[in-house]
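Commentary on secondary and tertiary structure
Here is what each chain is made of, one letter per residue.
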Amino acid sequence: MAHRILVLNGPNLGRLGSREPDVYGSADLESLRSALAEDAERAARGSGDSAPVSIDLRQTDDEAELIHWLHEAVDTRTPVILNPAAFTHYSYGLRDAAAQLHTADIPLVEVHISNPHARERFRHTSVISGVATGVIAGFGFDSYRLALHYLLTR
């Protein structure tokens with residue numbers, strides 16, 4: 001089992017809780033951090049591990065910073081849960097960084113709080129999905145929790 005999982009969030013996700021609650025819900029990133037930490041601790045207890053996996057949750061509105069974090073994941077062989085947010089649809093730089101995880105056989109699960117295919121047409125295309133291990137979308141924060149479950153049990 002991995003000792004640490006990076007949970008990376010792209011632009012505008014720092015505004016969760018106040019930004020479009022009808023689309024993204026009313027919970028913020030701290031609520032997500034708490035839920036994932038609890039899930040990791042529960043999984044550790046259930047498996048008999050002495051320590052839960054560390055959840056390293058980060059958010060940035062800066063594309064370059066997100067790319068650097070993916071490089072860090074490659075260099076440290078750390079699995080990633082990635083919500084690229086708006087970068088999903090056009091950031092080939094982010095896609096190339098994500099591809100490095102794919103090439104190194106490090107899992108990367110792309111997640112989305114809402115279902116991009118049920119929204120505006122421009123949101124239907126992801127340049128990240130083709131290099132992700134898998135994609136989970138449309139389940140609110142449970143998208144992240146399902147991704148974490150996958151990474152903890154693989």
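Thresholds applied
Residues numbered from 1 in each chain as written. Predicted model: local features only at pLDDT ≥ 70, side-chain atom pairs only at ≥ 80, totals over all residues. Heavy atoms only, no water. Helix = DSSP H or I, 4+ residues; strand = E, 2+ residues; numbered from the N terminus. Contact = heavy atoms within 4.5 Å. Areas by Shrake-Rupley, 256 points an atom, 1.4 Å probe, with all protein chains shown as cover. Axes fitted to C-alpha atoms, helices over the stretch in contact; angles between N-to-C directions. Parallel < 35°, antiparallel > 145°, perpendicular 65-115°, else oblique. Left-handed = near helix turned anticlockwise from the far one by under 90°. Core = buried A, V, L, I, M, F, W, Y, C linked by side-chain atoms within 4.5 Å. Buried < 20%, exposed > 50% of the residue type's maximum accessible area, 1.4 Å probe, protein only. Phe/Tyr/Trp six-rings, centres within 6.5 Å; stacked < 30°, edge-to-face > 60°. Expected span 1.5 Å × (residues − 1). Arc of directions from axis to C-beta. Polar contact = N/O pair within 3.5 Å; in protein donor to acceptor, adjacent residues only side chain to side chain.

A look at the overall build of the chain
Looking only at helices and strands, the chain features five helices and five strands. For the chain, the succession of helices and strands along the chain, N to C, is β-α-α-β-α-β-α-β-β-α. Taking contacts inside the chain between residues at least 6 apart in sequence as the whole, the part at least 24 apart equals 79%. Carbon and sulfur atoms form 48% of the exposed surface of the chain, whose accessible area is close to 7,600 Å².

A word on the packing of helix H2 (residues 29-47) against helix H5 (residues 142-153)
Where H2 meets H5, the axes come as close as 10 Å, and the angle between the chain directions of the two elements is 30 degrees. One element, H2, and the other, H5, form an angle in the roughly parallel class. Here H2 and H5 pass one another in a crossing that is right-handed. Only Tyr144, Arg145, Leu148 and Leu152 of H5 make contact with H2, whose side of the interface consists of Leu32, Ala35, Leu36, Asp39, Ala40, Arg42 and Ala43.

Notes on unusual backbone geometry
Of note, Asn12 is a non-glycine position whose phi angle comes to about 75 degrees, a positive value. Mapped onto the fold, Asn12 is located in the loop between strand S1 (4-9) and helix H1 (21-24). Even without being a glycine, Asp105 presents a positive backbone phi close to 60 degrees. Tracing the sequence through the fold places Asp105 in the loop between helix H4 (92-103) and strand S4 (108-112).

As for the nonpolar core
Counting 23 residues, the largest nonpolar core has Ile5, Val7, Leu36, Ile81 and Tyr144 as its most contacted members. For this core, the secondary structure elements donating two or more residues are S1, H2, strand S2 (54-59), S4 and H5. A per-element tally of this core places H5 first, with five residues. Beyond its immediate sequence surroundings of up to four residues, Leu36 is in contact with Val7, Ile55, Leu57, Tyr144, Arg145 and Leu148. If you look at the next biggest cluster of nonpolar residues, it comprises 22 residues, including Val80, Leu82, Ile128 and Val131.

Overview of the packing of aromatic side chains
Aromatic ring pairs are reported here in terms of the distance separating the ring centres and the angle at which the planes meet. On inspection of all chains with the given rule, the structure shows two aromatic pairs. When the centroid spacing of 6.1 Å and the interplanar angle of 75 degrees are considered together, the rings of Phe87 and Tyr90 count as edge-to-face. For Phe87, a relative accessible area of 5% translates into the label buried. Of the residues examined, Tyr90 reaches a relative accessible area of 45% and is grouped as partly exposed. Relative to Tyr144, the ring of Phe141 lies with its centre 6.1 Å away and its plane at 90 degrees, an arrangement referred to as edge-to-face. Summarising the burial analysis for this pair, Phe141 and Tyr144 share the class buried.

What to know about the environment of Glu72
Within the secondary structure layout, Glu72 lies in helix H3 (residues 63-76). With near-sequence residues (within four places) excluded, Glu72 lies in contact with Arg4 and Arg58.

Let's talk about H3
If you check H3, its first and last C-alpha atoms are 20 Å apart, about what 14 residues at 1.5 Å a residue would give, namely 20 Å. Among the residues of H3, those classed as buried are Leu66, Ile67, Trp69, Leu70, Ala73 and Val74. Seen along its axis, H3 keeps its buried residues to an arc of 155 degrees; they face one direction. For H3, the exposed residues lying more than 90 degrees away from the buried face are His68 and Asp75. Looking at the buried positions of H3, the neighbouring elements they touch are S1, S2, strand S3 (80-83), H4 and S4. By the N-cap criterion, in which a side-chain oxygen at the helix start approaches the backbone nitrogen of a residue two or three places on, H3 is capped by Asp62, the distance to Ala64 being 2.8 Å. Arg77 occupies a position one or two residues after H3 and carries a positive phi of about 55 degrees.

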